[in-house]
Protein chains: 2
Amino acid sequence: MFEQFRNKFPLDDSKWNEYTSYFKRLEVPAKTILLEEGEISKRLFIIEKGCIRVWFNNNGKDLTTQFFFENQNVASIESFVKKLPSPVFIETIEPAVLWWIHKSDIDIILEEIKEIPELRDQFIDKIFQRTFDYIRHFVSFIKDSPVQRYLNLIEENPQIVQRVPQHYIASYLGISTVHLSRIKSKLLQRK
Amino acid sequence: MFEQFRNKFPLDDSKWNEYTSYFKRLEVPAKTILLEEGEISKRLFIIEKGCIRVWFNNNGKDLTTQFFFENQNVASIESFVKKLPSPVFIETIEPAVLWWIHKSDIDIILEEIKEIPELRDQFIDKIFQRTFDYIRHFVSFIKDSPVQRYLNLIEENPQIVQRVPQHYIASYLGISTVHLSRIKSKLLQRK
DNA sequence: TTCATTTAATAACAAATGTTATCGTCTGCC
DNA sequence: GGCAGACGATAACATTTGTTATTAAATGAA
């Protein structure tokens, strides 16, 4: 699982082995809740196989805010970083193989990593990049119509359209399931 | 201008004086464009007095994405960090007194600061916090109705409602000027 | 002050989107 | 194989929101 990342980290083998040994493997069925709303996020997950959504309950309806797939890492980020109750659920969509690491272990790794300029800068870049991604996502919400957002999704994130049930996608796009269904059928007519 | 921040930075006076000397004062009228769309953002602004908006042109209509007030700092963040053309304009709303620092000077300061654990962690916290703020803002967009978003704005950011022309606020809320006007009059009726 | 410009309110109408309900299909499980 | 539950399409209708046009008020510059 971790070999593919090996060359990204200028660490000697003993450190590398120590760090990877912190991760535990976890196999779960579809619709498994990995983090409850209100719980403090203490585990960071890396997805070996499967797909995960982040969502929250809004007046009885669930709103999905993010999807994650193979090789991505998932946590309720503010809860994880600041030890606050999570505003969201984290739940598998498909049966999944995951690796997770405890917050306290990550903290140990980070303290050490922050002393190595190259890795520290890599870490800072990652946080920045995450911010930029959120900004992009946000801007597309105020800029694009639902139809355009759906077309963007097909273009930029085909995995979501292919692997995720449609009603989750609808709430991710900020529209009702009925409306998404209408959008799809109108797009089909044009072809 | 900078004395108020002095105690936040564990630096000796010589470093402090060097760093603050990088900043230049700038006084501009209302509706001054500080950064053009397409331009690479090379200046970070700190607002001593006045108010600024960040916006972009979407099919002939301008969409405002952010407002900034006294003591906040402003740049087209991804453009500034990655030296890419800015997708947005930065423009004063009121006559303003600003202090700005060149990207190359910030880079010098950051390189030094990253070696001081306390300041480095402060910097990392700032980036995280910015991300969390974007997430919050984004979530309120998919979660709340325009009426609720307007009420939140009054509650959480009264400065915006008080100092910013209403048509900018409308686009910031993701609605038309007419709709915002309707919302206001309906809220007045209820009282 | 005066005039042009900007800003905000409102009405009338159009378009987009949500809601509820129904039906058919698919899927996983016993 | 059959059944319950999940999923998606569609229709009918309701509500929200946008568009365009008009008017009035506020603002700023000469």
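Residues numbered from 1 in each chain as written. Chains lettered and ligands numbered in written order. Predicted model: local features only at pLDDT ≥ 70, side-chain atom pairs only at ≥ 80, totals over all residues. Heavy atoms only, no water.

1. Comments concerning the protein's contact with DNA strand D
No. 1: Taken together, the neighbourhood of DNA strand D is formed by 17 residues, with A:Gln166, A:His167, A:Ser181, B:His179 and B:Arg182 sitting nearest.
No. 2: Close to the protein, within 4 Å, the atoms of DNA strand D are drawn from sugar and phosphate at a rate of 68%.
No. 3: Separating a phosphate oxygen of DNA strand D from a side-chain N or O atom of B:His179 is a distance of 3.2 Å.
No. 4: Contacts to DNA strand D include B:Arg182, whose side-chain N or O atom sits 2.6 Å from a base nitrogen.
No. 5: Contributions of two or more residues to the surface near DNA strand D are made by helix 7 (166–173) and helix 8 (177–190) of chain A together with helix 8 (177–190) of chain B.
No. 6: For the surface near DNA strand D, the element with the highest residue contribution is helix 8 of chain A, accounting for 5 residues. (Near = heavy atom within 4 Å. Polar contact = N/O pair within 3.5 Å; in protein donor to acceptor, adjacent residues only side chain to side chain. Helix = DSSP H or I, 4+ residues; strand = E, 2+ residues; numbered from the N terminus.)

2. Comments concerning the relation of the copies chain A and chain B
No. 1: Taken as rigid bodies, chain A and chain B are interconverted by a rotation of 180 degrees and an axial shift of 0.0 Å, the fit giving an RMSD of 0.0 Å. The symmetry that links the two subunits is that of a two-fold axis. Within chain A, A:Thr131 has its C-alpha nearest the rotation axis, a separation of 2.5 Å.
No. 2: The share of interface residues of chain A whose copies in chain B are also at the interface is 100%, consistent with both copies meeting through the same surface. (Least-squares fit on C-alpha atoms with pLDDT ≥ 70 in both. Contact = heavy atoms within 4.5 Å.)

3. So, the sheet that holds strand 8 (residues 96–102) of chain B
Residues and elements named next belong to chain B.
No. 1: With antiparallel pairing, the 4 strands of this open sheet are ordered in space as 1-8-3-6. Strand pairing shows two members of the sheet lacking a second neighbour, strand 1 (24–28) and strand 6 (73–74), which therefore form its edges.
No. 2: Inspection of the sheet shows strand 3 (residues 43–49) paired to strand 8 by 6 bridges, in the antiparallel sense. The partner of Arg43 across the bridge, within strand 8, is His102.
No. 3: Docked against the sheet, helix 3 (residues 103–113) engages strand 1, strand 3 and strand 8, running at close to 65 degrees with respect to strand 8. (Pairing = 2+ DSSP bridges. Axes fitted to C-alpha atoms, helices over the stretch in contact; angles between N-to-C directions.)

4. Remarks on the packing of helix 5 (residues 146–156) of chain B against helix 7 (residues 166–173) of chain B
Residues and elements named next belong to chain B.
No. 1: Contact geometry of helix 5 with helix 7 gives a least axis separation of 10 Å together with a crossing angle of 120 degrees. Here helix 7 runs oblique to helix 5, going by the angle between their axes. As for the relative orientation of helix 5 and helix 7, their crossing is right-handed in sense. Contact residues: helix 5 offers Arg149, Tyr150 and Leu153, while helix 7 offers Ile169, Tyr172 and Leu173.
No. 2: A per-class count over the contact of helix 5 with helix 7 returns 5 nonpolar, no polar and 1 charged. (Parallel < 35°, antiparallel > 145°, perpendicular 65-115°, else oblique. Left-handed = near helix turned anticlockwise from the far one by under 90°. Nonpolar A, V, L, I, M, F, W, Y, C, P; charged D, E, K, R; others polar.)

5. Here we look at the interface of chain A and chain B
Frequently, the measure chosen for interface size is the accessible area that the parts lose on association.
No. 1: Counting residues at the interface gives 28 residues for chain A and 28 residues for chain B.
No. 2: Among the residues of chain A in contact with chain B, A:Phe132, A:Phe138 and A:Ile142 are the three that bury the most area, contributing 19% of the side total.
No. 3: For the pair chain A and chain B, the number of links is 6 salt bridges.
No. 4: Here A:Glu115 makes a salt bridge to B:Arg120, at a shortest N to O gap of 3.2 Å. (Buried area = accessible area lost by both parts, 1.4 Å probe. Salt bridge = Lys/Arg side-chain N within 4 Å of Asp/Glu carboxyl O.)

6. What to know about the pairing of strand 7 (residues 89–92) of chain A
Residue and element names in this part refer to chain A.
No. 1: Residues Phe89 and Glu91 line one face of strand 7 and the alternating positions Ile90 and Thr92 line the opposite face, and both faces are buried.
No. 2: Note that strand 4 (residues 52–58) and strand 7 share 4 bridges and pair antiparallel. By the bridge assignment, Trp55 is partnered in strand 7 with Phe89. (Buried < 20%, exposed > 50% of the residue type's maximum accessible area, 1.4 Å probe, protein only.)

7. Things to note about unusual backbone geometry
No. 1: Positive phi is not limited to glycine here, since A:Lys31 has a value of about 60 degrees.
No. 2: Turning to its location among the elements, A:Lys31 is positioned in the loop between strand 1 (24–28) and strand 2 (33–35).

8. Here we look at the packing of aromatic side chains
Two numbers describe a pair of aromatic rings. These are the distance of the centres and the angle of the planes.
No. 1: On inspection of all chains with the given rule, the structure shows 16 aromatic pairs over all chains.
No. 2: Centroid distance A:Phe2 to A:Trp99: 5.4 Å. Interplanar angle 70 degrees. Geometry classified as edge-to-face. With A:Phe2 in the segment before helix 1 (13–21) and A:Trp99 in strand 8 (residues 96–102), the pair connects residues that are 97 residues apart, well separated along the chain. Take A:Phe2 and A:Trp99: they sit in the same class, and that class is buried.
No. 3: One aromatic cluster in this structure is built from A:Phe2, A:Phe23 and A:Trp99.
No. 4: A cation over a ring is seen here: B:Arg43 above B:Trp100, with NZ or CZ 5.2 Å from the ring centre. (Phe/Tyr/Trp six-rings, centres within 6.5 Å; stacked < 30°, edge-to-face > 60°. Lys NZ or Arg CZ within 6 Å of the ring centre and 35° of its normal.)

9. Regarding the sheet that holds strand 4 of chain A
Residue and element names in this part refer to chain A.
No. 1: The 4 strands lie next to each other as 2-7-4-5, forming an open sheet whose pairing is antiparallel. Edge positions in the open sheet fall to strand 2 and strand 5 (61–68), since each of these has one partner strand only. On average, each strand axis in the sheet is tilted by 35 degrees relative to the strand beside it, whichever way the strands run.
No. 2: Along the sheet, helix 7 makes contact with strand 4 and strand 5, crossing strand 5 at roughly 90 degrees.

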